[in-house]
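Analysis of the macromolecular model
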Amino acid sequence: VAEAQYGGRITDDLDRELFGTYTAKWFKDEIFKPSFSFNDYASDYNYKIPEGFEITQFRDAIDTLPPVDSPLIFGLHTNADLTYRLKEASEMIATII
């Protein structure tokens, strides 16, 4: 499953390793249990697979997603968001000037 992502085969070795790691960590039966959450830290939002089979249930779940994801959900330090925002602001200012 990890070899075929986004409708095609992964050709980059580092991408293949990353998707293999994600698959080993997250493709398990436990993710379908109601008590499962992808984030293992205290958070205002718990990332989980919506319960049910109707499209409206999935759309409702999508509507509850936070507008900005915490870097913690990706395994990054909270400073990653600050670094990203500083870089984006610097590039914007350089473009304006």
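Quick note: structure is the one above.
In what follows, the accompanying structure is described. Within every chain, residues take consecutive numbers counted from 1 along the sequence as written. Side-chain atom pairs in this predicted model are given and counted only at pLDDT of 80 or more, local residue features only at pLDDT of at least 70, and totals for whole chains, interfaces and linings cover all residues. Water and hydrogen atoms were dropped before computing side-chain values, which therefore reflect all heavy atoms in the structure.

What counts as a helix is a DSSP run of H or I of at least four residues, what counts as a strand is a run of E of at least two, and both are numbered from the N terminus. Within the protein chain one finds three helices and two strands. Seen in sequence order, the protein chain has helices and strands lined up from the N terminus as β-β-α-α-α. Here the radius of gyration uses the C-alpha set of atoms, whereas the globule reference equals 2.2 Å times the residue count to the power 0.38. Computed over the C-alpha atoms, the radius of gyration of the protein chain is 17 Å, more than 25% above the 13 Å expected from 2.2 N^0.38 for a compact globule of 97 residues. In terms of overall dimensions, the protein chain has C-alpha extents of about 50 × 35 × 25 Å along its principal axes. Under the scheme applied here, a residue whose accessible area is under 20% of the maximum for its type counts as buried, over 50% as exposed, and between as partly exposed, the area being computed with a 1.4 Å probe on protein chains only. Burial statistics for the protein chain: of 97 residues in total, 12% are counted as buried. The contact rule is simple, with two residues in contact once any of their heavy atoms fall within 4.5 Å. In the protein chain, 12% of the contacts between residues at least 6 apart in sequence involve partners at least 24 apart. Under the counting rule used here, the positive set is Lys and Arg, the negative set is Asp and Glu, and His together with the chain ends is not counted. Taken as the charge location is NZ of Lys, CZ of Arg, CG of Asp or CD of Glu. Distance between charge centroids for the protein chain: 3 Å, based on 9 positive and 17 negative side chains.

Time to look at the layout of surface pockets. Its boundaries defined by the atoms lining it, the largest pocket holds a volume of some 510 Å³. Cavities and pockets were defined on a 1 Å grid built over protein atoms only: a cavity is a set of grid points that admits a 1.4 Å probe from which the probe cannot escape, a pocket is an open set flanked by protein on both sides within 12 Å along at least five of seven lines, and lining residues are those with an atom within 4 Å of any such point. As for the largest pocket, its lining consists of 15 residues, of which Tyr22, Trp26, Phe38, Ile73 and Phe74 are closest to the centre. A volume near 200 Å³ is recorded for the second largest pocket. Considering the residues around the second largest pocket, the lining is formed by 16 residues, among which Tyr45, Lys48, Ile49, Pro50 and Ala61 are closest to the centre. In the scheme used here, Gly and all other residues not listed as nonpolar or charged are polar, with Ala, Val, Leu, Ile, Met, Phe, Trp, Tyr, Cys and Pro taken as nonpolar and Asp, Glu, Lys and Arg as charged. Among the residues making up the lining of the second largest pocket, the classes are represented as 11 nonpolar, two polar and three charged. Grid points are joined across faces, edges and corners, and a volume is the space filled by probe spheres set on the points.

Take the pattern of salt bridges next. Here, a salt bridge means any side-chain nitrogen of Lys or Arg that lies within 4 Å of a carboxyl oxygen of Asp or Glu. Evaluated as defined, the whole model comprises three salt bridges. The partner of arginine 16 in a salt bridge is aspartate 13, with the nearest N and O atoms 2.8 Å apart. Here arginine 16 and its partner aspartate 13 are both found in helix 1 (residues 13-26), three residues apart, which amounts to about one turn of the helix. Among the residues examined, arginine 16 registers a relative accessible area of 23% and is labelled partly exposed. Residue aspartate 13 is classed as exposed on the basis of its relative accessible area, which comes to 56%. Between aspartate 81 and arginine 85 there is a salt bridge, with its nearest N and O atoms 2.9 Å apart. Taken together, the residues span about one helical turn, with aspartate 81 and arginine 85 both in helix 3 (residues 79-96) at a distance of four residues.

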